[in-house]
Amino acid sequence: MTDRMNIFIYSKHDEDSLDKKSKVADALIHEGFTMTDNDKDANIIISIGSDGSFLQAVRKTGFRQDCLYAGISLTGKPGLYCDFHYNNLFEMTQTIRKAGLEVRKYPLIEVKIDNHQPFYCLNEFSIRSNIIRTFVLDVIIDDKLFETFLGDGLIISTPTGSTAYNKSVNGAVVDPLLRCFQVTELASVNNNKYRTLGSSFIMSGERKFQLKVHQDGNVFPLVAADNEALGIRQVESVEIRLSDKTVKTVKLKNNSFWEKVQRIYL
């Protein structure tokens, strides 16, 4: 398709990654695609590496709404976001040039910390104590106090992100066709003073979700967006909502979300 011929390739900067990037670019040029060094000029943005590289590619290029993202795996097997493999580039070139190409949309969450600019997460947002002690968070749903959390932290994940950090701490795996996000505890402490639900919970995308950090000496928690730590020095309030924005990827035959989950984990 003429409107999907300009490609930007994201990769790490080590020698091996740059060598593979060059070979991918040569293969795409051979098939009639045009390479660009400016991601803003691209119709398709391709990451080379792993799912982590895909997350970085999406973040570094600003969660573009007017282009298609695709991931090429170098690890031997496709991942959750990497549908193609380096050893089979022909499959990718033939797939993305199809006139009837179907698009898969992955939901994002929007996060706003205090007076900072909002940012997006494709996998999850996490907030954790940065010292060897627990900290306290008020968990507020639709402007009403739901619980007061004492523990190491919380993970707020998208449906696709439910298979990542969230799953590693026994959160549920969620179908990305559901407009929702999940809240999962990290080592909560329940006693006579503090009481939490004690399990992850899934919220409608229409809900308003807020966290307030108790200013009791632990006002510098670690905050991360997907696989990137944020350099925000102090946190008092965090507002989270399901965004109307999505990340668009190639939708392949026989490669649904649940087929990916089965392939990766079972």
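Preceding block: the structure.
Rules behind the numbers
- Residues numbered from 1 in each chain as written.
- Predicted model: local features only at pLDDT ≥ 70, side-chain atom pairs only at ≥ 80, totals over all residues.
- Heavy atoms only, no water.
- Helix = DSSP H or I, 4+ residues; strand = E, 2+ residues; numbered from the N terminus.
- Rg over C-alpha atoms; globule rule 2.2 N^0.38 Å.
- Buried < 20%, exposed > 50% of the residue type's maximum accessible area, 1.4 Å probe, protein only.
- Contact = heavy atoms within 4.5 Å.
- Areas by Shrake-Rupley, 256 points an atom, 1.4 Å probe, with all protein chains shown as cover.
- Lys, Arg positive; Asp, Glu negative; His and termini not counted.
- Charge placed at Lys NZ, Arg CZ, Asp CG, Glu CD.
- Patch = residues over 30% accessible without salt bridge, like charges linked within 9 Å, V, L, I, M, F, W, Y side chains within 5 Å.
- Salt bridge = Lys/Arg side-chain N within 4 Å of Asp/Glu carboxyl O.
- Phe/Tyr/Trp six-rings, centres within 6.5 Å; stacked < 30°, edge-to-face > 60°.
- Pairing = 2+ DSSP bridges.
- Core = buried A, V, L, I, M, F, W, Y, C linked by side-chain atoms within 4.5 Å.

Chemist: Before we move on, could you go through the overall build of the protein and cite the residues and values that matter?
Modeler: Across its full length, the protein carries five helices and 17 strands. Relative to its length of 266 residues, the protein is compact, with a C-alpha radius of gyration of 20 Å against a globular reference of 18 Å. Once the C-alpha set of the protein is aligned to its principal axes, its extents read approximately 65 × 35 × 30 Å. The 266 residues of the protein split such that 52% are buried. Partitioning the intrachain contacts of the protein with sequence separation of at least 6 by distance along the chain shows that 70% fall at a separation of at least 24. Element-wise, carbon and sulfur atoms account for 50% of the exposed surface of the protein, whose accessible area totals about 12900 Å². With 33 positive and 33 negative side-chain charges, the protein shows a spacing of 2 Å between the two charge centroids.

Chemist: Go over a nonpolar patch on the surface, please, and point to the residues and values.
Modeler: Taken together, the side chains of Ile264, Tyr265 and Leu266 present a nonpolar region at the surface, about 330 Å² in accessible area. Its place among the elements puts isoleucine 264 in helix H5 (residues 257–265). For isoleucine 264, a relative accessible area of 37% corresponds to the partly exposed category.

Chemist: Give me the lowdown on the packing of aromatic side chains, citing residues and values where you can.
Modeler: Under the definition given, this model contains eight aromatic pairs. For the ring pair phenylalanine 63 and tyrosine 120, a centre distance of 5.8 Å and an interplane angle of 55° mean the geometry is tilted. One end of the pair, phenylalanine 63, is in the loop between helix H2 (51–60) and strand S4 (68–73); the other, tyrosine 120, is in strand S7 (residues 119–121), with 57 residues separating them in the sequence. The same class applies to phenylalanine 63 and to tyrosine 120, which are both buried.

Chemist: Quick rundown of the sheet that holds strand S8 (residues 124–128)? Include the residues and the values.
Modeler: Taken in spatial order, the six strands line up as S13-S12-S11-S8-S15-S16 in an open sheet, and their pairing is antiparallel. What marks the edges here is a single partner per strand, and that holds for strand S13 (201–204) and strand S16 (228–229). Pairing geometry for strand S15 (residues 222–225) and S16, over two bridges, is antiparallel. Pairing of alanine 224 across the sheet is with alanine 229, part of S16.

Chemist: Can you break down H2 residue by residue, with the values?
Modeler: In an α-helix there are 3.6 residues to a turn, and that puts residues three or four apart on one side. Here H2 lies mainly inside the structure; seven of its 10 residues are buried. Buried within H2 we find Ser53, Phe54, Leu55, Gln56, Ala57, Val58 and Arg59. Glycine 62 sits one or two residues past H2 and shows a positive phi near 80°.

Chemist: Give me the nonpolar core: which residues, what numbers.
Modeler: A general trend in soluble globular proteins is that nonpolar side chains are found buried together. Core analysis: the largest hydrophobic core is formed by 28 residues, its most contacted members being Phe125, Ile127, Ile156 and Phe209. Per-element accounting of this core gives the leading share, four residues, to strand S9 (residues 135–141). The contacts of phenylalanine 209, once residues within four sequence positions are left out, are Val139, Ile140, Ile141, Ile156, Phe181, Val183, Phe201, Met203, Val238, Glu239 and Ile240.

Chemist: Go over the environment of cysteine 82 with me, naming the residues and quoting the values.
Modeler: With respect to the helices and strands, the residue cysteine 82 is situated in the loop between S4 and strand S5 (84–85). In this structure the C-alpha to C-alpha distance between cysteine 82 and alanine 70, which are 12 residues apart in sequence, comes to 6.7 Å. Excluding its chain neighbours within four sequence positions, the residues that come into contact with cysteine 82 are Ser50, Asp51, Gly71, Ile72 and Ser73.

Chemist: Just give me the short version of unusual backbone geometry, but keep the residues and values in it.
Modeler: Trans peptide bonds make up the majority, and among non-glycine residues the majority have a negative phi. Even without being glycine, phenylalanine 63 reaches a positive phi, approximately 50°. A positive phi is found at aspartate 142, a non-glycine position, where the angle reads about 50°. With respect to the secondary-structure elements, aspartate 142 resides in the loop between S9 and strand S10 (144–151).

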